[in-house]
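Chain by chain, the residues run as shown.
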Protein chains: 2
Amino acid sequence: MPATPDQVRAVIDQYVQAWKTGDKALLLSIFAEDCSWEDPVGTPAFVGHEGLEKFWAFAYPQDASRTLTPVPEQVIVCGNEGILRFTMQVRVPSENKGLNLLVTDHFVLNDAGRIKSARAFWDEGCVSCPDGMDMFVPDMSEAHV
Amino acid sequence: MPATPDQVRAVIDQYVQAWKTGDKALLLSIFAEDCSWEDPVGTPAFVGHEGLEKFWAFAYPQDASRTLTPVPEQVIVCGNEGILRFTMQVRVPSENKGLNLLVTDHFVLNDAGRIKSARAFWDEGCVSCPDGMDMFVPDMSEAHV
């Protein structure tokens, strides 16, 4: 049986929660072992939980100097698929730097209700600098190291 | 060679233009012969130009009593794929009825620069009634007849 719209909504809530609270175990728990994650779409996919851990190590702040706050704007659910539109607010308070990244995520759940495909759509038009701050520019080339 | 981001942007512009001006020939010209179109995602796909014509016959006003105005809000381009977020404003002036449908379209272009896959994400949360009007409710069951 395909995953239901309720399952899709619950998984998207957990996805946001995992990023908000820095809960890597929660993030991994909602992805299938054979998942793939493209971020942004068009770059090589991170594959499986090993790939997710790599992406997390790149994206998630490793110390308290940087904060990530996902701010959901819209969720659309169609069968076992979902769209999450959200802004990832990245802040580096000590340097007064920040970045707002407006992401349109597309998720497909497998029959077990876990994410088998996650694809993050964003381009340069989705990047903005918060008022009164300098732009924080992550080194995307490090994502795949 | 995969389609370029410039080709994706041009095709999305033409897509909006086709709906805005009622230009079915323009719409067909930007889709591959073997395209598929899901609207909304989760319902059976319309396949090929024959399928597109069927969808057009359902969706596009057949007389002047109803108007369709696509209002683009965001375009995201990732390689040969694109996202178009727009509101389709449907109006039936004689009955003071209307419908705003906030759609997140996902397009994939083939190497010839034509759309091979179009998938429209929307659910009940994407439907709203314009201020001061009664809700226009299309009969979606007619789409696949």
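Residues numbered from 1 in each chain as written. Chains lettered and ligands numbered in written order. Predicted model: local features only at pLDDT ≥ 70, side-chain atom pairs only at ≥ 80, totals over all residues. Heavy atoms only, no water.

**Observations regarding the overall build of chain A**
Then, number 1: Helices and strands together make up the secondary structure of chain A, namely three helices and eight strands.
Then, number 2: A compact globule built from 145 residues would reach a C-alpha radius of gyration of about 15 Å, and chain A, at 15 Å, matches this within 12%.
Then, number 3: Scored against the burial criterion, the 145 residues of chain A give a buried share of 52%.
Then, number 4: Relative to all contacts within chain A whose residues are 6 or more apart in sequence, the contacts with residues 24 or more apart total 52%. (Helix = DSSP H or I, 4+ residues; strand = E, 2+ residues; numbered from the N terminus. Rg over C-alpha atoms; globule rule 2.2 N^0.38 Å. Buried < 20%, exposed > 50% of the residue type's maximum accessible area, 1.4 Å probe, protein only. Contact = heavy atoms within 4.5 Å.)

**So, empty space enclosed by the protein**
Then, number 1: Overall, the coordinates contain one cavity of 30 Å³ or more when judged by the stated rule.
Then, number 2: Computed from the structure, the largest cavity encloses a volume of approximately 30 Å³.
Then, number 3: In terms of lining residues, the largest cavity is bounded by A:Gln74, A:Ile83, A:Arg85, A:Thr104, B:Gln74, B:Ile83, B:Arg85 and B:Thr104.
Then, number 4: Of all elements in the fold, only β4 (81-92) of chain A together with β4 (81-92) of chain B reach the threshold of two or more residues within the lining of the largest cavity. (1 Å grid on protein atoms, 1.4 Å probe; cavity = no way out; pocket = protein on both sides within 12 Å on 5 of 7 lines; lining within 4 Å. Points joined across faces, edges and corners; volume = space filled by probe spheres on them.)

**Topic: helix α1 (residues 5-21) of chain A**
Residues and elements named next belong to chain A.
Then, number 1: With 17 residues, α1 should cover 24 Å at 1.5 Å per step; its first-to-last C-alpha distance of 24 Å lies within 8% of that length.
Then, number 2: Of all the residues in α1, the buried ones are Val8, Val11, Ile12, Tyr15, Val16, Ala18 and Trp19. The arc that holds every buried residue of α1, seen down its axis, measures 155 degrees, which confines them to one face. Facing away from the buried side of α1, by more than 90 degrees, are the exposed residues Asp6 and Asp13.
Then, number 3: Where α1 ends, the next residue or the one after it, Gly22, has phi of about 70 degrees, a positive value. (Expected span 1.5 Å × (residues − 1). Arc of directions from axis to C-beta.)

**Thoughts on the relation of the copies chain B and chain A**
Then, number 1: Aligned on chain A, chain B shows an RMSD of 0.0 Å; the corresponding rotation is 180 degrees and the shift along the axis is 0.0 Å. Both copies of the chain, as the preceding transformation shows, are related through a two-fold rotation axis.
Then, number 2: A share of 100% of interface residues in chain B that are also interface residues in chain A marks the association as one of identical surfaces. (Least-squares fit on C-alpha atoms with pLDDT ≥ 70 in both.)

**With respect to unusual backbone geometry**
Then, number 1: That bond from A:Asp39 to A:Pro40 is cis: its omega, -5 degrees, falls within 30 degrees of zero.
Then, number 2: Here A:Pro40 is to be found in the loop between β1 (31-38) and β2 (46-47).
Then, number 3: At B:Asn96, a position not held by glycine, the phi torsion is positive, near 50 degrees.
Then, number 4: Take B:Asn96: it is sitting in the loop between β4 and β5 (97-109).

**Brief notes about the interface of chain B and chain A**
Then, number 1: Listed by partner, the interface residues are 19 residues for chain B and 19 residues for chain A.
Then, number 2: Together chain B and chain A conceal approximately 1600 Å² of surface at their shared face, both sides included; 54% is due to carbon and sulfur atoms.
Then, number 3: Considering only the side of chain B, the residues that lose the most area to chain A are B:Cys78, B:Phe121 and B:Asp123, jointly responsible for 30% of the buried surface there.
Then, number 4: Residue B:Asp123 is joined to A:Arg9 by a salt bridge in which the shortest nitrogen-to-oxygen separation is 3.2 Å.
Then, number 5: For the pair chain B and chain A, the interface holds eight residue pairs in polar contact (both at pLDDT 80 or more).
Then, number 6: Mapped onto the side of chain B that touches chain A, the elements with two or more residues apiece are β3 (67-78), β4, β5 and β6 (115-121) of chain B.
Then, number 7: A per-class count over the side of chain B that touches chain A returns ten nonpolar, three polar and six charged. (Buried area = accessible area lost by both parts, 1.4 Å probe. Salt bridge = Lys/Arg side-chain N within 4 Å of Asp/Glu carboxyl O. Polar contact = N/O pair within 3.5 Å; in protein donor to acceptor, adjacent residues only side chain to side chain. Nonpolar A, V, L, I, M, F, W, Y, C, P; charged D, E, K, R; others polar.)

**Remarks on the packing of aromatic side chains**
Then, number 1: Per the counting criterion, the structure on display carries 24 aromatic pairs over all chains.
Then, number 2: Where A:Tyr15 meets A:Phe107, the ring centres are 4.8 Å apart and the plane angle is 65 degrees; that geometry is what we call edge-to-face. Placement of A:Tyr15 in helix α1 and of A:Phe107 in strand β5 (residues 97-109) is noted, with a sequence separation of 92 residues between them.
Then, number 3: Both rings, one in B:Trp19 and one in B:Trp37, keep their centres 6.2 Å apart while their planes meet at 75 degrees; by these two values the pair is edge-to-face. Taken together, the positions of B:Trp19 in helix α1 (residues 5-21) and B:Trp37 in strand β1 (residues 31-38) put the pair 18 residues apart, joining distant regions of the chain. Each member of the pair, B:Trp19 together with B:Trp37, is buried.
Then, number 4: Each residue in the set A:Tyr15, A:Trp19, A:Phe31, A:Trp37, A:Phe46, A:Phe55, A:Trp56, A:Phe58, A:Tyr60 and A:Phe107 is aromatic and connected to the rest through ring pairs, giving one cluster. (Phe/Tyr/Trp six-rings, centres within 6.5 Å; stacked < 30°, edge-to-face > 60°.)

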